[in-house]
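# Architecture at a glance
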Amino acid sequence: MTIGGDIKITILSVDGDQVRIGIEAPREVRIFRSELIDETGEENQIAAKSSFDFPDLGKLPNESIQKG
Amino acid sequence: MKIKTVHFGEVEIEQEKTFLFPNGLPGLEEDKRFALLSREEGQAICCLQSLDHWEIALPVINPFHLMPTYECNVIPDDISALSIEAPEDVLTLSVMVIPKESEKMTVNLVAPIIINLKNHMGRQIFLENKKYEIRTPVLELIRESHRV
């Protein structure tokens, strides 16, 4: 199956209830699982409400973290 | 302007330190204006404070500090949406979750926030790299990335 001329979708294999799908697309098209948006949304909400105490990552053994 | 913040009480912020996310952030679609605050200059973990709801503030960190080999693939759609002119104008931030036991903190390496420092526009993007995780343990990451 082809979408928009340059995105190609192929069924690679079917094994029971598992289907492997291959997607070929130009580099300028970003392909990611849409669940990632929901999971990131949940994570953002947790992050936004966490009462954190700014852990000092500079105190960790490797000093390269403090630089840059 | 003076703003109310979660972690620093009321603070005066300069317009240059505020950013516009036209689509908000996933899960926080109503929050479109943010300020980047830190307790001290040079602090690794900063705070992305919402200017739309003062009780919303996300801990963020430059992922390259945690993982020097991190790859953030900015695509033409991002470049045009944020009117990015040069790679050095882009600030990359990763959202952290810091629980009470802070050694269990995680960082979202799948969805970095990119900001064009020239026009102060930002968006959260999603990377295809399967090696990256939404809940990456920060301390393990530091240990692995900075192993000599």
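Bear in mind that the values here come from a model prediction, so they are computed numbers and not experimental data.

## Observations concerning the packing of aromatic side chains
All names here are of chain B.
- Tallying each qualifying case throughout the model produces 3 aromatic pairs over all chains.
- Their ring planes at 65 degrees and their centres at 5.6 Å tell us that Phe64 and Tyr70 sit as a pair that is edge-to-face.
- What makes Tyr70 buried here is its relative accessible area of 4%.
- A centroid spacing of 4.9 Å and a plane angle of 40 degrees characterise the contact between Tyr70 and Tyr132, whose relative ring orientation is tilted. Here Tyr70, found in the loop between α1 (63-66) and α2 (76-81), pairs with Tyr132, found in the loop between β10 (121-124) and β11 (136-137); they are 62 residues apart in sequence, far enough to count as distant.

## Things to note about the pattern of salt bridges
- A complete count under the given rule lists 6 salt bridges over all chains for this structure.
- Put simply, B:Arg135 and A:Glu43 hold a salt bridge, and the shortest N to O gap is 3.0 Å. In this pair, B:Arg135 is assigned in the loop between β10 and β11 and A:Glu43 in helix α1 (residues 35-49), connecting two distinct chains.
- B:Lys118 serves as the salt-bridge partner of B:Asp89, at 3.3 Å between the closest nitrogen and oxygen. Placement of B:Asp89 in the loop between α2 and β7 (90-97) and of B:Lys118 in the loop between β9 (113-116) and β10 is noted, with a sequence separation of 29 residues between them.
- Overall, the relative accessible area of 9% leaves B:Asp89 in the buried class.
- For B:Lys118, a relative accessible area of 60% translates into the label exposed.

Conventions we followed
Residues numbered from 1 in each chain as written. Chains lettered and ligands numbered in written order. Predicted model: local features only at pLDDT ≥ 70, side-chain atom pairs only at ≥ 80, totals over all residues. Heavy atoms only, no water. Phe/Tyr/Trp six-rings, centres within 6.5 Å; stacked < 30°, edge-to-face > 60°. Buried < 20%, exposed > 50% of the residue type's maximum accessible area, 1.4 Å probe, protein only. Helix = DSSP H or I, 4+ residues; strand = E, 2+ residues; numbered from the N terminus. Salt bridge = Lys/Arg side-chain N within 4 Å of Asp/Glu carboxyl O.

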